[in-house]
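Residue strings, one per chain:
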Amino acid sequence: MALTRGLKSSAALISWKPTGRLQQTLAGCVELTGLGLHSGKSSKVMISPEFARKGRYFDCNSNCSIPASIDFALRPSPLSTTLSKDGVQVRTVEHLLSALEATGVDNCRIQIHSLDSDDSQVEIPILDGSSRQWVDLILEVGLRVAVDECGRSCERLAPHLNEPYHARVDDAFIAAFPSPELRITYGIHFPQVSEIGSQWVSFPLLDDSVYVQQIASSRTFCLLEQVLGALQVEQMREAGLIKGGSLENAIVCSASEGWLNGPLRLPDEPCRHKVLDLIGDLSLCAGSGNQGLPVAHIVAYKASSLMVSSTFVCGGHALHTDFARGLAKS
């Protein structure tokens, strides 16, 4: 598996600049219970307000606190993004973090309680495969200005890209270019699946309305042929993957029969979901209650065949987090 990264000059790749607004947190607590996509285990998630500069972090069964930071992203992490610290893992964090980043929840405590066990691995519920339910809860409870322990507010900073940067893994890449505004352009290419084919979407993320209306409802998707064989399913489940997967939490497409549980909610829903995932993964660049998404024009592309190795080894999350890791190290 080949990996290449863009070269950096001696100048800083990222500059942190004021956004013109104060850091925020939730106005109250929100809670959801559901099944984990990969573990198949039930868990309850409660998200609570937090002080300014605390950022977003997870509290798990073992009383381990894990910041939502790229420094704790497990590598590799197939088919989802996992955070790990002191032997404790939080799996499939990308949809929840995507909703928090996009709606401006800069600081919060995320408590996770596994209802099936008290082991060292917990997983965020997959719900319907999108981030819509998280967004609905956040919008319902609302936001307020976050203050520190002394009652002081602080301005939110955002990372601005100073020069082009890219990362590539085989048939996938992410490239970012300096821009006065944040825009994400994503393309996917599934030549052997006509119902998906080639899709491109591009969104200026100037406020959360674009995310709420155009991205949040898009669900995770998979190809039937990639999980159809009994041996493949057994191997994936032995690896701790898709134990909780069903037609209720993903849209499934067959190369010969098309979508098995359509209709789609949005045009180009699979490609829009890749944007949702990317926002969640790049939110890991955040720290101390600041913005995670870099202010840049981010262009990403993923091609896929029907080979299991192509999708399950070089999946989008591995590339997303590698790109985030490179930005964070600048």
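Sequence order sets the numbering: in each chain, residues are counted from 1 along the sequence as written. pLDDT decides what is reported in this predicted model: residues at 70 or higher carry local features, side-chain atom pairs at 80 or more are listed and counted, and totals for whole chains, interfaces and linings draw on all residues regardless. To get the side-chain values, all heavy atoms of the structure are used, and hydrogens and water are removed first.

- If you look the protein up in an unreviewed UniProt entry, it shows as UDP-3-O-acyl-N-acetylglucosamine deacetylase from Linum tenue.
- The Catalytic activity (unreviewed entry) field of the UniProt record for the protein holds the comment "a UDP-3-O-[(3R)-3-hydroxyacyl]-N-acetyl-alpha-D-glucosamine + H2O = a UDP-3-O-[(3R)-3-hydroxyacyl]-alpha-D-glucosamine + acetate".
- UniProt positions are given in the numbering used here, feature names are shortened, and annotations may be inferred rather than shown by experiment. The UniProt entry for the protein carries the following comment under Sequence similarities (unreviewed entry): "Belongs to the LpxC family."

1. Some points on the overall build of the protein
- Within the protein, the secondary structure is distributed over 8 helices and 21 strands.
- Three labels apply to residues, based on accessible area from a 1.4 Å probe with only protein chains included: buried if under 20% of the type maximum, exposed if over 50%, partly exposed otherwise in between. Burial statistics for the protein: of 330 residues in total, 56% are counted as buried.
- The contact definition used throughout considers only heavy atoms, calling two residues in contact when any of these lie within 4.5 Å. Counting contacts in the protein only where the partners sit at least 6 residues apart, residues at least 24 apart contribute 77% of the total.
- Per-residue and other accessible areas follow the Shrake-Rupley method at a 1.4 Å probe size, with only the shown protein chains counted as cover for residues. Total accessible area computed for the protein in this model is approximately 13,500 Å², and 53% of it derives from carbon and sulfur atoms. Here a strand is any run of E in DSSP of at least two residues, a helix any run of H or I of at least four, and the numbering for each starts at the N terminus.

2. Observations concerning helix α6 (residues 269-282)
- The span you would expect from a helix comes to 1.5 Å times its residue count less one. Along its 14 residues, α6 runs 20 Å from first to last C-alpha, staying within 8% of the 20 Å computed at 1.5 Å per residue.
- Burial of α6 is extensive: 14 of the 14 residues sit out of reach of the surface.

3. Overview of unusual backbone geometry
- At the junction of G262 and P263, the peptide bond is cis and its omega measures out at 0° in the coordinates.
- Note that P263 resides in the loop between β20 (258-259) and α6.

4. Points about the packing of aromatic side chains
- Aromatic contacts are taken between Phe, Tyr and Trp rings whose centres are within 6.5 Å, Trp giving its six-membered ring; a plane angle under 30 degrees counts as stacked, one over 60 as edge-to-face, and the others as tilted. One pass over the full model with this rule turns up 4 aromatic pairs.
- A connected cluster of aromatic rings, assembled from ring pairs, spans F173, W200 and Y301.

5. Notes on the environment of E181
- By the secondary structure assignment, E181 is in the loop between β15 (172-178) and β16 (183-190).
- What makes E181 partly exposed here is its relative accessible area of 32%.
- When the C-alpha atoms of E181 and P294 are compared, they prove to be 9.4 Å apart, with 113 residues separating the residues in sequence.
- Setting aside its immediate chain neighbours within four residues, E181 contacts P204, L206, V295, A296 and H297.

6. Thoughts on the sheet that holds strand β9 (residues 88-91)
- Should DSSP find at least two bridges between two strands, the strands are regarded as paired. What the 3 strands build is an open sheet, ordered β8-β9-β11; its pairing is mixed. Strand pairing shows two members of the sheet lacking a second neighbour, β8 (83-85) and β11 (121-123), which therefore form its edges. Across the sheet, the mean angle from the axis of one strand to that of its neighbour is 15°, orientation sign disregarded.
- Where β9 and β11 come together, 3 bridges link them in parallel fashion. What sits directly across from R91, in β11, is E123. Axis lines are fitted through C-alpha atoms, for helices just across the contact stretch, and the angle between N-to-C directions can take any value from 0 to 180 degrees.

7. Describing the pattern of salt bridges
- One side-chain nitrogen of Lys or Arg within 4 Å of one carboxyl oxygen of Asp or Glu is enough to make a salt bridge. For the coordinates displayed, the defined rule picks out 12 salt bridges.
- The closest approach of N and O atoms between D322 and R75, which form a salt bridge, is 2.9 Å. A residue pair is termed long-range when its members are at least 10 positions apart, and D322 in helix α8 (residues 316-328) and R75 in the loop between β7 (65-67) and β8 qualify at 247 residues.
- The network of salt bridges with shared partners includes R21, D106 and R156.

8. Regarding the sheet that holds strand β6 (residues 56-59)
- Pairing is mixed in the open sheet, where 5 strands are placed in the order β4-β5-β10-β6-β7. At either end of the open sheet lies a strand with only one pairing partner, and these are β4 (30-35) and β7. Taking each pair of neighbouring strands and ignoring which way they run, the sheet shows an average axis angle of 20°.
- Alignment of β6 against β7, held across 3 bridges, turns out to be antiparallel. Across the sheet, residue D59 finds its bridge partner in β7, namely S65.
- In the packing of helix α1 (residues 94-103) onto the sheet, the strands contacted are β5 (42-49), β6 and β10 (108-114), and the crossing angle to β6 comes to about 145°.
- Against the sheet, helix α2 (residues 132-141) contacts β4 and β5, and its axis sits at roughly 165° relative to β4.

9. Some thoughts on the packing of α1 against α6
- Interaxial distance between α1 and α6 falls to 7 Å at its minimum, and their mutual angle equals 80°. It follows from the interaxial angle that α1 and α6 lie roughly perpendicular. Contacts between α1 and α6 pair E94, H95, L97, S98 and E101 from the former with H273, L276, D277, I279, G280 and D281 from the latter.
- Of the residues in the contact of α1 with α6, the class split is 3 nonpolar, 4 polar and 4 charged. In what follows, roughly perpendicular refers to angles from 65 to 115 degrees, roughly parallel to angles under 35, roughly antiparallel to angles over 145, and oblique to any angle outside these ranges. Put simply, Ala, Val, Leu, Ile, Met, Phe, Trp, Tyr, Cys and Pro go in the nonpolar bin, Asp, Glu, Lys and Arg in the charged bin, and everything else, Gly too, in the polar bin.

10. Regarding the environment of Y165
- With respect to the element layout, Y165 can be found in strand β14 (residues 165-169).
- The class for Y165 is buried, based on a relative accessible area of 3%.
- Separated by 12 residues in the primary sequence, Y165 and F177 place their C-alpha atoms 6.8 Å from one another.

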